[in-house]
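# Notes for the structure review
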Amino acid sequence: MSCLIGFFSAVFGSLLPDVIIHITSKEAMASAYGYLLICMGIGTVVGGPVTGWLFDATSSYRPSFYLGGTTMAISAIIMLLPWKLNINKDTEGCSDNVLTENNKKDAVYIVQSLVSTV
């Protein structure tokens, strides 16, 4: 099982830049990747102490797994926002899922506003 986790964790290094460029643009890639790394860093710094605090309070790791699953579900919902913006707006005859310039600006604005609230 650990081999599978190690094999599939390479997605963070290889697919994230492509997905970021697909959602934003090549020009905004550096800023978007920076925001992503800030959010990942906050989760890394806060996650361990919160898990320890939850274990001390409940003597069980179960609430920590619930919290981790909830935050991943919230992240998945947030990642659906740019896709939803793409579906609802006119793509000028494009049949693929490439975001238009207006949708890219909307997606960047949503990500920036979410990061600024953290």
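All values derive from a computational prediction rather than experimental measurement. (Residues numbered from 1 in each chain as written. Predicted model: local features only at pLDDT ≥ 70, side-chain atom pairs only at ≥ 80, totals over all residues. Heavy atoms only, no water.)

Regarding its fold elements, the protein presents six helices and zero strands. Counting from the amino terminus, helix and strand elements in the protein follow one another as α-α-α-α-α-α. A burial count over the protein gives 15% of its 118 residues as buried. Carbon and sulfur atoms provide 69% of the accessible area of the protein, an area that totals close to 8,800 Å². (Helix = DSSP H or I, 4+ residues; strand = E, 2+ residues; numbered from the N terminus. Buried < 20%, exposed > 50% of the residue type's maximum accessible area, 1.4 Å probe, protein only. Areas by Shrake-Rupley, 256 points an atom, 1.4 Å probe, with all protein chains shown as cover.)

Our focus in this paragraph is a nonpolar patch on the surface. A cluster of nonpolar residues, Met1, Leu4, Ile5, Phe7 and Phe8, forms a patch on the protein surface that exposes about 640 Å² of accessible area. Relative to the helices and strands, Leu4 is located in helix α1 (residues 2-8). (Patch = residues over 30% accessible without salt bridge, like charges linked within 9 Å, V, L, I, M, F, W, Y side chains within 5 Å. Salt bridge = Lys/Arg side-chain N within 4 Å of Asp/Glu carboxyl O.)

A word on the confidence of the model for the protein. Per-chain confidence: the protein averages 76 in pLDDT, with 69% of residues scoring 70 or above. Averaged over each element, pLDDT in the protein is lowest for helix α6 (residues 101-117) (60) and highest for helix α4 (residues 29-58) (91). Confidence drops under pLDDT 50 across residues 88-97; counting only partners more than four residues distant or on other chains, this segment forms eight contacts. (pLDDT = per-residue confidence, 0-100. Contact = heavy atoms within 4.5 Å.)

It is worth spelling out the packing of helix α3 (residues 16-23) against α4 at this point. Two elements in contact, α3 and α4, have axes separated by 9 Å at closest approach and are oriented at 120 degrees. Taken together, the axis directions place α3 and α4 in an arrangement best described as oblique. As for the relative orientation of α3 and α4, their crossing is right-handed in sense. Residues Leu16, Pro17, Ile20 and Ile21 of α3 form the contact with α4, whose participating residues are Met29, Ala32, Tyr33 and Leu36. (Axes fitted to C-alpha atoms, helices over the stretch in contact; angles between N-to-C directions. Parallel < 35°, antiparallel > 145°, perpendicular 65-115°, else oblique. Left-handed = near helix turned anticlockwise from the far one by under 90°.)

Next up on the list: the packing of aromatic side chains. Each pair of aromatic rings is reported with the distance of its centres and the angle of its planes. Evaluation of the coordinates by the stated rule reveals one aromatic pair. Measuring from ring centre to ring centre gives 4.3 Å for Phe55 and Tyr61, while their planes differ by 20 degrees; the resulting arrangement is stacked. Owing to a relative accessible area of 45%, Tyr61 belongs among the partly exposed residues under this scheme. (Phe/Tyr/Trp six-rings, centres within 6.5 Å; stacked < 30°, edge-to-face > 60°.)

Looking now at unusual backbone geometry. Unusually for a residue other than glycine, Ser59 sits at a positive phi of about 60 degrees. Within the secondary structure layout, Ser59 lies in the loop between α4 and α5 (62-88).

A few words on the side chain of Ser64. Here Ser64 lies in helix α5. The exposure class assigned to Ser64 is buried, which follows from its relative accessible area of 13%. Look past the residues within four positions of Ser64 in its chain and what remains in contact with it is Thr51 and Leu54.

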